[in-house]
Amino acid sequence: MPDVGSTAVLPRRPLTVGELLDSAVLLLRDQARVLVPLAVLLALGEQALLHPLRVLAGARPPEWWPDPDRLGWYWLLLALGAGTEAMIIALLGNPAARAAGAALLGRRSGPRELLRDARWVATLLAGAAVGCMVLLAGLAGPAWFVAYGLLGALVPVLVVDRVPAYRAPGRALRLAVRVGGRAAAIRLLGYLGWWLIRLGIGLGVYHGLGLLRLFDVSAWALPVATVAWVAVNAVAYPALACLDAVLHLETRMRTEGLDIRLSRAPAPEPVLLAVPR
């Protein structure tokens, strides 16, 4: 009998916002050995990709404030950063969603199970599409929030619901706007919370080292800031991917009765999480 109490990674019932955030953290803790190393690699790649634009924008570490005369480049930098973040979270959503599905069935997935036979080609295409859409929305300013909020379920729909790739975007959007856009709003809330944490830690590490006076931090501003931001993003990105995963399954329990369907099954199997065609 799977644990469905308050300490379960993902209880089989609709959850409050606080319980969803707790479930995401519990899922990350259980799967950190898979998600965090992947996030480190992706976060390093992101820093390398953003560096040339930061130079063009005159953005200086650790805050990356722009040169007032280069605001056009800085706007592009912000849009590209939003796109890369969304893409990385989507890619990490593949193993996170598979782990959440297993947790809902009362078991814990191992690393091999999370990484093999996981529709990676479809996930890579979906991640690239999400990144491009958020980037384009970011160029329009506030539209970034709408795009980010609506696209969180795309990869979970692919790997948990097992729907064909051409149907995944439509289903992801429908799930995001159900119950008055609850899933989209919670996704944005989670992003805001982790953004504040990232900002505090990323800047705190740099300025804290400066206060210790162990070395001249200003002379090493770029490597110190890069390491600090990679480290904090390596936790924040998988945490947000885990939030997408548990939020997707919770939305299905809340609006499609997935928890009832599982409770009636004599021996729940992963196939029961797939959406009937």
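As shown above, the structure is provided for reference.
In this report, we go over the structure that sits alongside the text. The structure displayed is predicted, hence computed values, not measured ones.

### Description of a nonpolar patch on the surface
A cluster of nonpolar side chains, contributed by Leu56, Trp73, Trp75, Leu76, Leu136 and Leu139, occupies part of the molecular surface with about 570 Å² of accessible area. Listing elements by their share of the nonpolar patch, those giving two or more residues are helix H3 (71-104) and helix H5 (120-139). Ranked by residue count, the leading element in the nonpolar patch is H3, at 3 residues. Looking at where Leu76 falls in the secondary structure, it is placed in helix H3. On the accessibility criterion, Leu76 (31% relative accessible area) is partly exposed.

### Things to note about the packing of aromatic side chains
Each aromatic ring pair is characterised by the separation of its centres together with the angle its planes make. Applying the stated criterion across every chain, the model contains 4 aromatic pairs. Centre to centre, the rings of Trp144 and Phe145 are 4.7 Å apart; their planes meet at 85°, and the pair counts as edge-to-face. Classification of Trp144 by relative accessible area gives buried; the value is 10%. Look at Phe145 and you get partly exposed, because its relative accessible area is 47%. Among the aromatic side chains, those forming a connected cluster through ring pairs are Trp144, Phe145, Tyr148 and Tyr191. A cation sits over an aromatic face here: Arg54 above Trp64, 4.0 Å from the ring centre.

The rules behind the values
- All residue numbers here refer to positions counted from 1 along the written sequence of the relevant chain.
- For this predicted model, a pLDDT threshold of at least 70 governs which residues receive local features, and a threshold of 80 or more governs which side-chain atom pairs are given and counted, while totals over whole chains, interfaces and linings are taken from all residues.
- By convention in this description, side-chain values take in all heavy atoms of the structure and omit both hydrogens and water.
- Exposure above 30% relative accessible area and the lack of any salt bridge qualify a residue for a patch; like charges then connect within 9 Å, and the nonpolar side chains Val, Leu, Ile, Met, Phe, Trp and Tyr within 5 Å.
- Using a 1.4 Å probe, accessible areas were evaluated by the Shrake-Rupley method; residue-level cover was limited to the displayed protein chains.
- Definition used for salt bridges: Asp or Glu carboxyl oxygen within 4 Å of a side-chain nitrogen of Lys or Arg.
- Going along the chain from the N terminus, every DSSP run of H or I of four or more residues is numbered as a helix, and every run of E of two or more is numbered as a strand.
- We call a residue buried when its accessible area falls under 20% of the maximum for its residue type, exposed when it is over 50%, and partly exposed in between, using a 1.4 Å probe and counting protein chains only.
- Two rings from Phe, Tyr or Trp (for Trp, the six-membered ring) form a pair when their centres sit within 6.5 Å of each other. Planes less than 30 degrees apart are called stacked, planes more than 60 degrees apart edge-to-face, and all others tilted.
- Two conditions define a charge sitting above a ring: the NZ of Lys or the CZ of Arg must be within 6 Å of the ring centre, and it must be within 35 degrees of the ring normal.

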